[in-house]
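Residue-level structure breakdown
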Amino acid sequence: MFDCIVIGAGFAGAVTARELAERGNQKVLLVERRTHLGGNAYDCLDQAGVLIHQYGPHIFHTSNRQVFEYLSRFTSWRDYQHRVVASVQGRLMPVPFNLTSLELAFGSEAAARLSKKCIETYGAEKKVTILELRQSTDPELSALADYVYEHIFEYYTMKQWGTTPEEIDPNTTARVPVFLSRDDRYFQDPWQGIPADGYTALFERMLDHPNIEVRLGVPAETVLTLRDGAAELEGAAFTGAVIYTGAVDELFGCRFGRLPYRTLDFQFETLPVEWFQTHGTVNYTVDEAYTRITEFKYFSGQTLPDRTTIVKEYSRAYTGSTDETPYYAIINGANNALYEQYRALAGAYPRLRLLGRLAEYQYYNMDAIVARALTLADSLIK
Ligand code: FAD
Ligand code: UDP
């Protein structure tokens, strides 16, 4: 009865399901073990009526026109340009660390000299990663690098990853470079915003198609079996494509050991004030046990004069317990090699495709996942 099965209703699964159903005219079964759509982008009203992101703050941003236009079929957008500040010894300075942060840290005279030198060395409006800046042999730039490292990266990264910035994948800290600019936005992508009615509404529209059957609260393993290179759906041989967007080690019973992840504990608080902080997100880069506080009304634009909801994020090692979510793959040589062992197992199933942040063990933003889902659907339809 079904032509293909999609596991997981996050961006990877939902976009693939829609494409296969609509463009491929295939009958799609989508199973999701949570009781809601959206994967980690899921949002909902809390008890105070604030639209919160249950699995952490999600801001859409992309430089990929095709992705933006594709999602715009299912939502309009609330213009929102994310701005983040770091709380450093009582001062709030823009992150990514930029020319304004430089002034706040060093005073206008020293900052003028340093910014001139930075721009002469790297170029105006350039982004320089902290690891690159630390390579500088110029004593002033080296002192600047030390300052940024110690006040922005070191402690935050220790909290987030349990290790130093040098020991994590360099692409991770490169996401938040030193920016030789006055632009104090967190992202510079041409398209950014928040779905006007929220992410969950976007997913509801995307999956509202006569060729798609969605089953929520259903773990894949209760309907799908993979054995000896063949798939079974509810006990009967299934020869269609299976698109799996969950953690790949779980798919094979973690037989080579668990893939390491970081998980997060979210502490939500509703407070009887209109605004708690001056920015959507404040990063705690030199103190506190949590990494950041996000205030959701900045995203939703809701007018609620007497209340607001914030979330504090605490990062720790994922243990695999069922009440935890694997949020961040810990990308390094050993873990990538373990991932490859699982990928090789998946290779024995010719109709199985691994897609998404979990299944590919990567650190993808939403737009990257949408792009990958569109590409995968293209190849399956052809
Ligand atoms: P997911 O959203 O994780 O979806 C996978 C789904 O599969 C889940 O719903 C899961 O329940 C389901 N599933 C897994 N296993 C099974 C199974 N066995 N059976 C049935 N269902 C199963 N990206 C941005 O672009 N901007 C941001 O601001 C941003 N902020 C983020 C903040 C945090 C704290 C985190 C963790 C991520 C953030 N991201 C952000 C990244 C974004 O969450 C991912 O790009 C996106 O969720 C990836 O979609 P996905 O479908 O691959 O995975
Ligand atoms: N980072 C940091 N200090 C900051 C912001 C980021 O040290 O104030 C580092 C940290 O290692 C983090 C990485 O840069 O994990 C990427 O930050 P990003 O905000 O992209 O993380 P995400 O939103 O994906 O959690």
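Relevant structure appears above.
For the structure given in this document, a descriptive report is provided here. Only a predicted model underlies this, so the values are computations on that prediction, with no experimental measurement involved.

**Considerations on the nonpolar core**
- Residues Phe11, Leu71, Phe97, Val148 and Ile152 are the most contacted members of the largest nonpolar core, which totals 87 residues.
- Not counting chain neighbours up to four residues away, the residues in contact with leucine 71 comprise Phe11, Phe60, Trp77, Leu202, Met206 and Val370.
- Counting 33 residues, the second-largest nonpolar core is a separate cluster that includes Ile7, Leu226, Phe252 and Tyr261.

**Things to note about the side chain of threonine 294**
- When you line up the elements, threonine 294 lands in strand β19 (residues 292-295).
- Separated by 3.0 Å, the side chains of threonine 294 and threonine 281 make a polar contact.
- Sequence-distant contacts of threonine 294, that is, excluding residues within four places in its chain, are made with Pro57, Gln277, Gly280, Thr281, Phe299, Thr309, Ile310, Val311 and Glu313.

**Considering the sheet that holds strand β21 (residues 328-329)**
- As summarised here, the arrangement of the seven strands in space is β8-β7-β18-β19-β20-β17-β21, forming an open sheet in which the pairing is mixed. Two strands lie at the open edges of the sheet, namely β8 (91-95) and β21, each paired on one side alone.
- As paired elements, strand β17 (residues 261-271) and strand β20 (residues 308-317) share ten bridges and run antiparallel to each other. Bridged to phenylalanine 266 within β20 is glutamate 313.

**Focus on the environment of arginine 185**
- Tracing the backbone through its elements, the reader meets arginine 185 in the loop between β10 (178-179) and β11 (191-195).
- The spacing of arginine 185 and phenylalanine 296 is 111 residues in sequence and 17 Å in space, taken between C-alpha atoms.
- When sequence neighbours within four positions are dropped, the list of residues in contact with arginine 185 reads Gln81, His82, Arg83, Pro96 and Gln192.
- Engagement of the side chain of arginine 185 in a polar contact is seen with the side chain of aspartate 183, the distance being 2.9 Å.

**Quick notes on the site of ligand 1**
- As a structural note, the neighbourhood of ligand 1 is formed by 31 residues, with Glu32, His58, Ile59, Tyr364 and Met366 the closest of them.
- Within the contact set of ligand 1, a nitrogen atom lies 2.9 Å away from a backbone nitrogen or oxygen of proline 57.
- Contact between ligand 1 and tyrosine 364: an oxygen atom at 2.7 Å from a main-chain N or O atom of the residue.
- Of all elements in the fold, only α1 (11-22), β2 (28-32) and α12 (366-381) reach the threshold of two or more residues within the shell around ligand 1.

**With respect to the site of ligand 2**
- With respect to spatial proximity, 18 residues lie near ligand 2, and among them Trp161, Arg175, Tyr186, Tyr328 and Tyr363 are the closest.
- One of the side-chain N or O atoms of tryptophan 161 is found 2.8 Å from an oxygen atom in ligand 2.
- Take asparagine 283: an N or O atom from its side chain is 2.9 Å from an oxygen atom of ligand 2.
- Relative to its free-state accessible area of 520 Å², ligand 2 is covered by the protein chains to the extent of 94%.
- Elements supplying a minimum of two residues to the shell around ligand 2: α6 (139-161) and α7 (170-173).

Cut-off values and rules
- Residues numbered from 1 in each chain as written.
- Chains lettered and ligands numbered in written order.
- Predicted model: local features only at pLDDT ≥ 70, side-chain atom pairs only at ≥ 80, totals over all residues.
- Heavy atoms only, no water.
- Core = buried A, V, L, I, M, F, W, Y, C linked by side-chain atoms within 4.5 Å.
- Buried < 20%, exposed > 50% of the residue type's maximum accessible area, 1.4 Å probe, protein only.
- Contact = heavy atoms within 4.5 Å.
- Helix = DSSP H or I, 4+ residues; strand = E, 2+ residues; numbered from the N terminus.
- Polar contact = N/O pair within 3.5 Å; in protein donor to acceptor, adjacent residues only side chain to side chain.
- Pairing = 2+ DSSP bridges.
- Near = heavy atom within 4 Å.
- Areas by Shrake-Rupley, 256 points an atom, 1.4 Å probe, with all protein chains shown as cover.

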